[in-house]
Amino acid sequence: MVSVKEAEKEIYYDAYKNFAQQKDDVFLSPTRYQKISARENRSDQDIPCLTNLCAGKYKLVWRGIPMMKHSIDLILSEQLLWYVKPRTIFEIGCYTGASALWLSDTMKKYEVETHVYTVDLDTSLVDPLTKNNENITVIEDDVGNISNIFPEEKLKSLPHPWYISEDCHFHVMNTLEYFHQYMQEGDYFVIDDTSPDMPSYRPDTLVFDGEWAKLGKLEVLRDFLKKYEEYYRIDSYYTDMFGYNGTMNWNGYIKRIK
Ligand SMILES: C[S@@+](CC[C@H](N)C(=O)[O-])C[C@H]1O[C@@H](n2cnc3c(N)ncnc32)[C@H](O)[C@@H]1O
């Protein structure tokens, strides 16, 4: 007769055995990397689900510093950083610097030597923990001036793979076009908040009023990816891990394939 202890052990032993199978079914799938033309503009996450997830988003801190990351995208990025192990990270839109610090801390935890460049129009909110970190460069500038912020010679000297996080939501096409010229196979774009279902933030509540969709970030990304379809694939391992586009970054985890 199987003891209770043995039966309990068996549950987790089976889970451990199934882990590799479940992951590899998708990780190694021939349909993992998808053309933008094959992707739908929809998500399995509906508004009731997002209401709670987005409410939590505005309570998150990293090392005590307020951070504007969706919980699921924090996990997806953490997974991607582990597999890709970027040597250079670009973040457009640093806000308090918490996300740049999180990116840098995560790479340090993974024992990868990585430098993070984070850009914002106004860096007055950036925490000293980020400003004084030797692995992070905080740049105060308008991303509309991207060719001055990251001139060609500078970019050519920075080690790959690159992880490029677009999280300022302005000049998006210009930013994508600019980095495109210097990216290599294996680099990633992570385009934040392409979901048209982002709520508007009010002091006491979140309102799903469709205002965010008017920015058209999803369409800008689609136009870029259509133009350069031979170079990029949506990495569905990440976008679809929590359901189809189960992320605020619809179609937003993108691998350069050549
Ligand atoms: C959504 S917040 C960034 C959130 C941050 N990455 C995080 O995860 O906590 C967007 C930031 O983009 C900055 N921003 C807006 N327009 C910009 C521009 N033209 N150039 C650079 N930064 C800009 C804003 O000042 C703001 O701090």
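The following paragraphs examine the structure supplied in this document. (Residues numbered from 1 in each chain as written. Predicted model: local features only at pLDDT ≥ 70, side-chain atom pairs only at ≥ 80, totals over all residues.)

### Concerning the overall build of the protein
In plain terms, the rule: Secondary structure elements follow DSSP: runs of H or I of four or more residues count as helices, runs of E of two or more count as strands, with numbering from the N terminus. Taken over C-alpha atoms, the radius of gyration is set against a globule rule of 2.2 Å times the number of residues to the power 0.38. Labels follow a simple rule on C-beta atoms placed from the backbone: if 20 or more others lie within 10 Å of a residue's own, it is buried; if 12 or fewer, it is exposed; otherwise it is partly exposed. Any residue pair is listed as a contact if its two C-beta atoms, each placed from the backbone, are within 7 Å.
Helix and strand counts for the protein come out as 10 helices and 12 strands. In summary, the protein has a C-alpha radius of gyration of 19 Å against a globular reference of 18 Å for 258 residues, a match within 12%. Dimensions of the protein, computed from C-alpha atoms along their principal axes, come out at roughly 70 × 45 × 40 Å. The buried share of the protein, reckoned over its 258 residues, is 36%. Counting contacts in the protein only where the partners sit at least 6 residues apart, residues at least 24 apart contribute 74% of the total.

### Here we look at the sheet that holds strand E4 (residues 88-92)
In a beta sheet, neighbouring strands pair by backbone hydrogen bonds and run either parallel or antiparallel. Counted only if it meets this: DSSP-based pairing: two strands are paired if at least 2 bridges between them are found.
The strand order across the open sheet formed by 8 strands is E1-E11-E12-E8-E7-E4-E5-E6, and the pairing between neighbours is mixed. Two strands in the sheet have a free side with no partner beyond their single neighbour: strand E1 (33-34) and strand E6 (136-140). The sheet contact formed by strand E8 (residues 188-191) and strand E12 (residues 253-256) spans 3 bridges and is antiparallel. Paired with Phe189 across the two strands is Ile254, which belongs to E12.

### Some thoughts on the site of the ligand
Basically, it comes down to this: By definition, a residue lies near a molecule or strand when the C-beta atom built from its backbone is within 6 Å of it. Residue polarity is assigned by list, with Asp, Glu, Lys and Arg as charged and Ala, Val, Leu, Ile, Met, Phe, Trp, Tyr, Cys and Pro as nonpolar; anything else, Gly included, falls into the polar class.
Around the ligand lies a shell of 19 residues, among which Gly93, Tyr95, Ser99, Val143 and Cys168 are the nearest. At the level of secondary structure, the elements contributing two or more residues to the shell around the ligand comprise helix H4 (98-109) and strand E5 (115-120). Grouping the amino acids of the shell around the ligand by side-chain chemistry returns 10 nonpolar, 4 polar and 5 charged.

### Structural notes on the nonpolar core
Stated formally: Here, a nonpolar core denotes buried Ala, Val, Leu, Ile, Met, Phe, Trp, Tyr and Cys residues that are linked to one another through C-beta atoms within 7 Å.
In terms of nonpolar packing, the biggest core is built from 47 residues, with Ile164, Tyr188 and Tyr253 touching the most fellow members. Residues within four places of Ile164 in sequence aside, it is in contact with Phe90, Phe179, Tyr188, Phe189 and Val190.

### Remarks on unusual backbone geometry
A cis amide bond links His160 to the next residue, Pro161, at an omega of 0°. The backbone of Lys85 sits at a positive phi, close to 50°, despite the residue not being glycine. Turning to its location among the elements, Lys85 is positioned in the loop between helix H3 (71-84) and E4. When the 16 C-beta atoms within 10 Å are taken as the criterion, Lys85 is described as partly exposed. For Asn245, which is not glycine, the phi dihedral falls at a positive 45°. Among the secondary structure elements, Asn245 is positioned in the loop between helix H10 (236-239) and E12.

### Focus: the environment of Val84
Inspection of the secondary structure assignment puts Val84 in helix H3. The class for Val84 is partly exposed, based on 17 C-beta atoms found within 10 Å. Counting along the chain gives 115 residues from Val84 to Pro199, while the straight-line C-alpha distance between them is 31 Å. Once residues within four sequence positions are removed from consideration, Val84 is found in contact with Pro161, Tyr163 and Tyr188.

### Observations regarding the environment of Gly252
Checked against the element boundaries, Gly252 lands in the loop between H10 and E12. According to the C-beta neighbour criterion, Gly252 is buried, with 26 such atoms within 10 Å. Discounting chain neighbours no more than four positions away, the residues touching Gly252 are Val190, Ile191, Asp192, Thr194, Leu221, Thr239 and Thr247.

### Focus on the pairing of E4
Spelled out, the test is: Here a crossover is taken to be right-handed if, once the strands point away from the viewer, the path from the first strand over the helix to the second is traced clockwise.
Buried residues dominate E4, accounting for 4 of its 5 residues. Both E4 and E5 contribute to a ladder of 5 bridges, which runs parallel. The residue of E5 that forms the bridge with Thr88 is His115. In this view, the connection linking E4 to its parallel neighbour E5 by way of H4 has right-handed handedness.

### Notes on the environment of Gly144
Among the structural elements, Gly144 can be located in the loop between E6 and helix H6 (146-149). On the basis of neighbour count, Gly144 is assigned to the partly exposed category, with 13 C-beta atoms found within 10 Å. Remark: the alpha-carbon pair of Gly144 and Ala98, spanning 46 residues in sequence, is separated by 23 Å.

### Some points on helix H8 (residues 172-180)
In plain terms, the rule: Here, the arc refers to the directions that run from the helix axis to the C-beta atoms.
Residues Val172, Thr175, Leu176 and Phe179 constitute the buried set of H8. Down the axis of H8, the sector holding all buried residues measures 95°, keeping them to one side. The inward-facing, buried residues of H8 contact E4, H6, strand E7 (162-166), E8 and helix H9 (217-227).

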